[in-house]
Amino acid sequence: MTAQSVTILGATGSIGTQTLAVLAEHPEQYRVFALVAGSQWQLLAQQCLQWQPRFAVLADDVAAVALRNHLRDAGSDTEVLSGAAAMAQVAADADVDVVVAAIVGAAGVRPTLAAVEAGKRVLLANKEALVVTGQLFMDAVRRHGATLLPVDSEHSAIFQCLPALNSCSEVRLGGVKRLLLTASGGPFRTFDAQALRAVTPAQAVKHPNWCMGPKISVDSATLMNKGLELIEACWLFDVAPAQIDVLVHPQSVVHSMVEYIDGSVMAQLGSPDMRTPIACALAWPQRIHSGAERLDFMQLAGLHFEAPDVARFPCLALARQAMEAGGAATAVLNAANEEAVAAFLAGQIGFLAIAEVVDDTLQRLGPQTCRDLDAVMAIDQQARAQARHYMAQRFG
Ligand SMILES: NC(=O)C1=CN([C@@H]2O[C@H](COP(=O)(O)OP(=O)(O)OC[C@H]3O[C@@H](n4cnc5c(N)ncnc54)[C@H](OP(=O)(O)O)[C@@H]3O)[C@@H](O)[C@H]2O)C=CC1
Ligand SMILES: CC(=O)[C@@H](O)[C@H](O)COP(=O)(O)O
Ligand SMILES: [Mn+2]
């Protein structure tokens with residue numbers, strides 16, 4: 001069997017490093033073609049020396065020079081490139097079989113779409129790419145014959161609970177009544193509105209069950225992550241927002257469920273460890289070891305479920321409304337959220353202001369239509385400018 005050649009977009013992040021951990025369990029089955037990151041060149045250098053990819057790409061030109069010098073001095077053959085075009089190139093290269101899309105935010109849109117348009121097997125963690133480009137993305141998957149497999153734990157769970165499929169682009173929802181998307185509730189699940197006012201970025205990035213990058217951790221804390229995931233599920237599984245219920249489940253053991261018209265409910269369970277959905281997507285429809293700890297039912301104190309509180313966590317409702325509004329509303333939602341989360345992490349706005357910024361931006365820009373990717377990305381920029389303007393006026 002020839003080894004599969006893998007490009008990892010976002011190699012230095014939480015998903016990127018866990019993907020490399022899974023690949024390390026199967027050196028005969030996978031080799032790394034390219035590793036892509038933003039600016040963390042020192043970690044990327046270590047990864048290159050271990051994995052010896054043909055290419056390493058950084059978004060940041062200055063960091064790329066440092067990486068190039070470092071690898072040359074270490075005697076490495078890895079070619080270092082920089083910029084958006086290089087990311088798309090290593091995602092679409094004819095020698096690549098699998099692309100793991102794990103850049104955070106809308107920065108991942110173009111390289112992920114490049115992989116789709118080259119007909120690759122695309123393992124999607126970068127939910128924002130789908131939230132921003134929705135229909136364009138799924139049309140491209142079908143048109144170019146790409147194989148799209150979810151990495152996001154909830155979507156991996158739903159994918160595994162649906163009738164046998166080879167890819168998300170093949171979904172036929174025979175007999176499915178609704179999708180039940182589970183949410184941990186985040187670190188502030190039990191906080192009242194007064195307490196939420198005072199929470200800090202350090203508290204917000206401390207997820208109770210998962211170890212993730214800062215942006216998605218804040219999204220989990222506001223429940224915007226569940227809103228983005230609701231939108232992601234609508235596109236991946238071709239369902240309307242009304243067919244998706246969100247259930248708060250603080251243990252993060254039931255990763256999501258599918259309810260059928262005959263009353264059956266299929267659930268996927270496991271330890272909260274992203275190596276499981278990563279391994280599942282890498283090998284699908286085969287199964288491989290992931291290195292994740294097995295779920296020990298004897299250690300479970302219980303499985304608890306409750307309804308989400310959209311009064312305290314309005315981002316979930318905003319995301320559902322944006323999906324229902326259609327057009328570019330979800331791109332506006334995502335852009336405003338990325339700007340607000342960055343401002344919160346930088347200590348410029350409070351936690352509750354994140355939803356306020358998103359709400360205001362959605363109201364001002366509304367559901368515009370967009371024919372192509374350039375139009376969507378123009379709306380993304382417009383929404384970012386509007387969100388920044390609002391924050392400057394309101395919070396100084
Ligand atoms: N972490 C998790 O468990 C889960 C994550 N996801 C999704 O996966 C994606 C990644 O999340 P996560 O791994 O937590 O995030 P991290 O912040 O840990 O990692 C982000 C990665 O993206 C890279 N990056 C950032 N900006 C750019 C850019 N402009 N160009 C190229 N690369 C860039 C970073 O590089 P650098 O290090 O150089 O900045 C890093 O490699 C997100 O969309 C998230 O929602 C989904 C489910 C679970
Ligand atoms: C691991 C994963 O898939 C994350 O998206 C996780 O689901 C976040 O947890 P929340 O349920 O708190 O958003
Ligand atoms: Mn998730």
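Positions within a chain are numbered from 1, following the residues in the order the chain's sequence is written. All chains are assigned letters beginning with A, and all ligands numbers beginning with 1, in the order in which they are written. Owing to the predicted nature of the model, reporting of local features is limited to residues with pLDDT of at least 70; listing and counting of side-chain atom pairs is limited to 80 or more, with chain, interface and lining totals taken over all residues.

Per an unreviewed UniProt entry, the recorded name for the protein chain is 1-deoxy-D-xylulose 5-phosphate reductoisomerase, and the organism is Isoalcanivorax beigongshangi. UniProt positions are given in the numbering used here, feature names are shortened, and annotations may be inferred rather than shown by experiment. Heading Function (unreviewed entry) of the UniProt record for the protein chain holds this comment: "Catalyzes the NADPH-dependent rearrangement and reduction of 1-deoxy-D-xylulose-5-phosphate (DXP) to 2-C-methyl-D-erythritol 4-phosphate (MEP)." Per UniProt, the comment on the protein chain under Catalytic activity (unreviewed entry) is "2-C-methyl-D-erythritol 4-phosphate + NADP(+) = 1-deoxy-D-xylulose 5-phosphate + NADPH + H(+)".

Spacing of three or four residues puts side chains on the same side of an α-helix, whose turn is 3.6 residues. Its 17 residues give helix H14 (residues 329-345) an end-to-end C-alpha distance of 24 Å, which sits within 8% of 24 Å, the value for a rise of 1.5 Å per residue. Gly-347 sits one or two positions beyond H14 and adopts a positive phi of about 80 degrees. By definition, any uninterrupted DSSP run of H or I lasting at least four residues is a helix, any uninterrupted run of E lasting at least two residues is a strand, and each is numbered from the N terminus. A helix is expected to span 1.5 Å for every residue after the first.

Here the focus is the nonpolar core. The biggest cluster of nonpolar side chains holds 130 residues, and the ones touching the most others in it are Leu-35, Ala-101, Leu-123, Ala-319 and Val-332. Take this core: its biggest share by element is 10 residues, from H14. By the convention adopted here, residues make contact when the C-beta atoms placed from their backbones lie within 7 Å. The contacts of Leu-123, once residues within four sequence positions are left out, are Val-98, Val-100, Ala-101, Leu-149, Val-151, Ala-281 and Leu-282. Connectivity within a nonpolar core runs through C-beta atoms within 7 Å, and the core itself is a set of buried Ala, Val, Leu, Ile, Met, Phe, Trp, Tyr and Cys residues. Neighbour counting defines burial: a residue surrounded by 20 or more other C-beta atoms within 10 Å of its own C-beta is buried, one with 12 or fewer is exposed, and intermediate counts give partly exposed, using backbone-placed C-beta atoms.

Turning our eyes to something else, we now look at the site of ligand 2. Taken together, the residues surrounding ligand 2 are Asp-152, Ser-153, Glu-154, Ala-183, Ser-184, Gly-186, Trp-210, Ile-216, Ser-220, Asn-225, Lys-226 and Met-274. Only helix H7 (153-161), helix H10 (214-222) and helix H11 (224-237) provide two or more residues apiece to the shell around ligand 2. Polar here means any residue other than Ala, Val, Leu, Ile, Met, Phe, Trp, Tyr, Cys and Pro, which are nonpolar, and Asp, Glu, Lys and Arg, which are charged; Gly is therefore polar. Here the shell around ligand 2 is composed, by residue class, of four nonpolar, five polar and three charged. A residue counts as near a molecule or strand when its C-beta atom, positioned from the backbone, falls within 6 Å of it.

When you line up the elements, Asn-225 lands in helix H11. By C-beta crowding, Asn-225 is classed as buried, having 28 other C-beta atoms within 10 Å. Aside from chain neighbours lying at most four places away, what touches Asn-225 is Ile-216, Asp-219 and Ser-220.

Turning next to the UniProt feature "domain: DXP reductoisomerase C-terminal" (unreviewed entry) in the protein chain. The positions that UniProt labels "domain: DXP reductoisomerase C-terminal" (unreviewed entry) are, in the present scheme, residues 269-385. As annotated, residues 269-385 comprises 54% helix and 1% strand, and the C-alpha atoms at either end are separated by 41 Å.

Okay, the site of ligand 1 next. Among the 28 residues in the neighbourhood of ligand 1, the closest are listed as Gly-13, Gly-38, Gln-40, Met-212 and Gly-213. Counting only elements with at least two residues in the shell around ligand 1, the list comes to helix H1 (14-24), strand S2 (30-37), helix H6 (127-144) and H10.

This part is about the environment of Gly-174. Within the secondary structure, Gly-174 is located in the loop between H7 and strand S8 (176-183). Classification of Gly-174 by C-beta neighbours within 10 Å gives exposed; the count is 9. Along the backbone, Gly-174 and Arg-54 are 120 residues apart, and their C-alpha atoms lie at a distance of 43 Å.

Attention now goes to the packing of H14 against helix H16 (residues 373-395). When two helices pack together, their arrangement is given by the angle between the helix axes and by the axis-to-axis distance. Look at H14 against H16: their axes get within 8 Å of each other, and the N-to-C directions meet at 40 degrees. On the basis of their axis angle, the class for H14 and H16 is oblique. Judged by the sense of rotation from one axis to the other, the crossing of H14 with H16 is right-handed. Between H14 and H16, the contacting residues are Ala-331, Val-332, Ala-335, Ala-336, Glu-339, Ala-340 and Ala-343 on the first element and Val-376, Ile-379, Asp-380, Ala-383, Arg-384, Ala-387, Arg-388 and Met-391 on the second. Of the residues that constitute the contact of H14 with H16, the class distribution is 11 nonpolar, no polar and four charged. The angle between two axes is taken between their N-to-C directions and runs from 0 to 180 degrees, where each axis is a line fitted to C-alpha atoms and a helix contributes only its stretch in contact. We call two directions roughly parallel when the angle between them is under 35 degrees, roughly antiparallel when it is over 145, roughly perpendicular when it lies between 65 and 115, and oblique otherwise. Take the far helix as your reference; a near helix turned counterclockwise from it by less than a right angle gives a left-handed crossing, and one turned clockwise gives a right-handed crossing.

A sheet is described by the order of its strands in space; here four strands give the open sequence S9-S8-S10-S11, paired in mixed fashion. Among the strands making up the open sheet, the edge pair consists of strand S9 (244-248) and strand S11 (265-269). Strand-to-strand, the axes of this sheet are offset by a mean angle of 20 degrees, without reference to chain direction. DSSP calls a pair of strands paired once it identifies at least 2 bridges connecting them. Sheet topology places S8 next to S9; five bridges connect them, and they run parallel. Bridging from a neighbouring strand, Leu-181 pairs with Val-246 of S9. Contacting S8, strand S10 (254-260) and S11, H7 crosses the sheet at an angle of about 40 degrees to S10.

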